[in-house]
Amino acid sequence: MASLVASRLAVLALSAGLLGVGAHAGTNSCGSAGGYDETFRNPPEIVSQNGVLNATLAIEATDFDVASMSVKGGYVYNGLYTPPTLRMKPGDVIKLKLVNGMSDQFTNIHTHGLNVSPLGNGDNVFLHVMPGETFDYTIALPKTHPAGLFWYHPHAHGFSQFQVYNGMSGGLIVDGLLDPFPQLANIADRTLLLKDSYVQDDGTIPAEDDLDTGHASLRTVNGQANPTLKIRPDELQLWRFGNIGANRYYELVLNGHTMYEIARDGNRHNQLVPMQQILLPPASRSEVLVRGGAPGVYTLRTLSISTGPLGDQYDETTLATLVSEGSPAPFVALPASFPAVPDLRTKPIARTRVIRFQEDDQGGNFAINGKQFDMNRVDTVVQLGDLEEWEVTNETGELHVFHIHQLDFQVTKVNGKEVAFTGYQDNVNVPYADDDGNVGKGSVTLRIPFTDPVIVGKFVYHCHILEHEDGGMMATIEVQE
Ligand code: C2O
Ligand code: CU
Ligand code: CU
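Residues numbered from 1 in each chain as written. Chains lettered and ligands numbered in written order. Predicted model: local features only at pLDDT ≥ 70, side-chain atom pairs only at ≥ 80, totals over all residues. Heavy atoms only, no water.

1. A look at the overall build of the protein
If you tally the helices and strands in the protein, you get 3 helices and 33 strands. In terms of overall size, the protein behaves like a compact globule, its C-alpha atoms giving a radius of gyration of 21 Å where 481 residues would be expected to give roughly 23 Å. Considered along the principal axes of its C-alpha atoms, the protein spans approximately 60 × 55 × 55 Å. For the protein, contacts bridging at least 24 residues in sequence account for 77% of all contacts bridging at least 6. Of the roughly 17500 Å² of accessible surface on the protein, 51% is carried by carbon and sulfur atoms. (Helix = DSSP H or I, 4+ residues; strand = E, 2+ residues; numbered from the N terminus. Rg over C-alpha atoms; globule rule 2.2 N^0.38 Å. Contact = heavy atoms within 4.5 Å. Areas by Shrake-Rupley, 256 points an atom, 1.4 Å probe, with all protein chains shown as cover.)

2. Looking at the packing of aromatic side chains
Applying the stated criterion across every chain yields a total of 15 aromatic pairs. Ring centres 6.3 Å apart and planes at 80° place the aromatic pair Tyr75 and Phe162 in the edge-to-face group. Here Tyr75, found in strand S3 (residues 69–77), pairs with Phe162, found in helix H2 (residues 160–166); they are 87 residues apart in sequence, far enough to count as distant. Each member of the pair, Tyr75 together with Phe162, is buried. With a centroid separation of 6.1 Å and 40° between ring planes, the pair formed by Trp390 and Phe450 is classed as tilted. With Trp390 in strand S26 (residues 386–394) and Phe450 in strand S31 (residues 442–450), this residue pair connects regions lying 60 residues apart in the sequence. According to the relative accessible area criterion, Trp390 is buried, its value standing at 0%. A network of ring pairs unites the aromatic residues Phe357, Trp390, Phe402, Phe409, Phe450 and Tyr461 as a single cluster. Across the ring face of Phe331, the terminal group of Arg291 is positioned such that the distance to the ring centre comes to 3.9 Å. (Phe/Tyr/Trp six-rings, centres within 6.5 Å; stacked < 30°, edge-to-face > 60°. Buried < 20%, exposed > 50% of the residue type's maximum accessible area, 1.4 Å probe, protein only. Lys NZ or Arg CZ within 6 Å of the ring centre and 35° of its normal.)

3. Observations regarding the sheet that holds strand S7 (residues 134–140)
Spatial ordering of the open sheet is given by S3-S2-S5-S7, a layout of 4 strands whose pairing is mixed. Bordering the open sheet on either side are S3 and S7, each of which pairs with just one other strand. Neighbouring strand axes in the sheet, compared pairwise and without regard to direction, differ in orientation by 25° on average. Across 8 bridges, strand S2 (residues 52–66) lies against strand S5 (residues 93–100) in parallel orientation. Bridge pairing links Ile59 to Asn100 in S5. (Pairing = 2+ DSSP bridges. Axes fitted to C-alpha atoms, helices over the stretch in contact; angles between N-to-C directions.)

4. Describing the coordination of the copper ion (ligand 2)
Within the first shell, the copper ion (ligand 2) binds the protein through His110 (NE2) and His403 (NE2), at distances of 1.9 to 2.0 Å. Residue His110 is located in strand S6 (residues 110–112), and its partner His403 is located in strand S27 (residues 400–404); the two are separated by 293 residues in the primary sequence. For His110, a relative accessible area of 0% gives the class buried. (Donors = N, O, S within 2.8 Å, 3.2 Å for Na, K, Ca; no water.)

5. A word on the domain arrangement of the protein
As far as domains go, the protein holds domain 1 (2–20 + 179–324), domain 2 (45–174) and domain 3 (344–480). Averaged C-alpha coordinates put domain 1 and domain 2 at centres separated by 21 Å. The partner domain 2 presents 32 residues to the 40 residues of domain 1 that form the contact. Looking only at domain 1, the three residues that lose the most surface to domain 2 are Lys195, Glu208 and Arg285, adding up to 19% of its buried area. Of the charged contacts in the structure, one is a salt bridge between Asp189 and Arg87, with a shortest N-O distance of 3.2 Å. Taken together, domain 1 and domain 2 are joined by 18 residue pairs in polar contact (both at pLDDT 80 or more). Listing elements by their share of the side of domain 1 that touches domain 2, those giving two or more residues are helix H1 (6–24), strand S10 (188–197), strand S11 (218–221), strand S13 (236–243) and strand S18 (285–291). Tallying contributions element by element places S10 first for the side of domain 1 that touches domain 2, with 6 residues. Tallied by class, the residues present in the side of domain 1 that touches domain 2 amount to 15 nonpolar, 16 polar and 9 charged. (Domains from an automatic or database assignment. Buried area = accessible area lost by both parts, 1.4 Å probe. Salt bridge = Lys/Arg side-chain N within 4 Å of Asp/Glu carboxyl O. Polar contact = N/O pair within 3.5 Å; in protein donor to acceptor, adjacent residues only side chain to side chain. Nonpolar A, V, L, I, M, F, W, Y, C, P; charged D, E, K, R; others polar.)

6. Comments concerning the pattern of salt bridges
Enumeration according to the criterion identifies 20 salt bridges in this entry. Here Glu38 ties to Arg190 by a salt bridge, and the two come within 3.0 Å at their closest N and O atoms. Here Glu38, found in the loop between H1 and strand S1 (45–47), pairs with Arg190, found in strand S10; they are 152 residues apart in sequence, far enough to count as distant. The exposure class assigned to Arg190 is buried, which follows from its relative accessible area of 8%. As a salt-bridge pair, Arg240 and Glu287 come within 2.7 Å of each other at their nearest N and O atoms. Of the two residues, Arg240 is situated in strand S13 and Glu287 in strand S18; the sequence distance between them amounts to 47 residues. The exposure classification of Arg240 matches that of Glu287, with both residues buried. Beyond isolated ion pairs, a larger network of salt bridges with shared partners links Glu45, Arg87, Asp175, Asp189, Arg240 and Glu287.

7. With respect to the sheet that holds strand S19 (residues 296–302)
Each strand in a sheet pairs with another by means of backbone hydrogen bonds, the pair being arranged parallel or else antiparallel. Here 5 strands make up an open sheet; going across it, the order is S12-S22-S19-S14-S17 and the pairing mixed. Across the chains shown, the open sheet's two edge strands, defined by having one partner strand only, are strand S12 (228–231) and strand S17 (278–280). Each adjacent strand pair in this sheet contributes to an overall mean axis angle of 25°, direction not counted. Bridge count between S12 and strand S22 (residues 317–324): 4 bridges; the pairing is parallel. Bridged to Lys230 within S22 is Val323.

8. Considering the nonpolar core
Of all hydrophobic cores here, the largest spans 42 residues; its most connected members are Leu98 and Leu114. Those elements that provide at least two residues to this core are S2, S3, strand S4 (85–88), S5, S7, strand S8 (148–153), H2 and strand S9 (170–174). Here this core gets 6 residues from one element, more than from any other, and that element is S2. When residues of this core are assigned to domains, at least three fall in each of domain 1 (2–20 + 179–324) and domain 2 (45–174). Contacts of Leu114, omitting those with residues within four sequence positions, involve Ile94, Ile139, Leu141, His145, Phe150, Leu172, Val174 and Gln406. Ranked by size, the runner-up nonpolar core spans 31 residues in total, among them Phe366, Val444, Ile455 and Met473. (Core = buried A, V, L, I, M, F, W, Y, C linked by side-chain atoms within 4.5 Å.)

Right under this line is the structure:
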């Protein structure tokens, strides 16, 4: 839905360009020791203590800066465009106080990717925290919970895009991803949360109805435009990428470097997966090992992407700059042996379903299997203990993103063709065309284990392009004992 407003575009291009220059101001020629300062910052963190993570997220209309842009009266948590990352361990309990300081819309909190209960005051997206209300969440992580990067965001149907677009989304880390690899115990741990923002001429974020998924916007990493990260030649670092914006796809490339993906969506792979390019649809996370290359300056970019004839065109953008300099770090080998992950293709399936993603010819009125979202309807009933196979089909002219709450799945096929098994995920791109280019014929095939008793209850699955979720491309599911 691309309608570009020229003046805003120009302002954005200008500020992005200035920022690009600013990030390098005061630096010397490439490769000279100490010539570059690291400007990259991890988000602030709240760390659990003695098994409990206590946090308050208070929403208020605040003036804040996103890189060089000033936003007037945007809705964010605790006055921050990049709110604290919540860091905890398996078995911990999250005690989160949500304060809704918005005057005109309800909200709530979803802990995206966590394998936790959807009931009561847990990860329950059917709760409505009304304007002026405060709500206390208690979310208990099982002791066996996977480690990695997750995130939190509001799940207020009809307002999800607006609230996340304002800046209401943050990271959540369950510690332990590198535990099987003692040689990596002390490597740098970097969180790169990707969001985009555009402000109108009057300094405000557009209202829900005026948001446009195709509008040019400033891409940021932890709210910074093109920050500089430093590394020594040969040094290994962990980079946790999270796409925590409302609508936008990323296709990540780090010049001169292979990214060794170790986990997807907070699920450790069964092997290291070397990537030159990482497609990161809205809500996906990719955790990678990066080894510092020869001394020099490299860019982290997102490539231009078309999301289809009914979708949007996103331009290539530099997200960050990597400077490799200094004496080479002691060489640490990449991990070679990984804990096994059960391959769900070897297990019997209890039933199959077809989940059809649909929209009208104008790219509006989003639906799943002919129905728009209704929280009072139960669309899918599953028996606890069952392994199911779902074929998710894309009957439209643009990309969609399949996401299901409370659990993870294995992708077995894309467009009917088997894919290699490397682990689980909670979010997956659904192509709009088959391998012969027939639009409206794309699909992914998933094995979904409804086996963990913690998931019993009612929750949702949906497209994670939040414009589409708000537009009705969401369904309810109930897992019954
Ligand atoms: Cu990020 Cu319904 O979730
Ligand atoms: Cu979710
Ligand atoms: Cu969609």
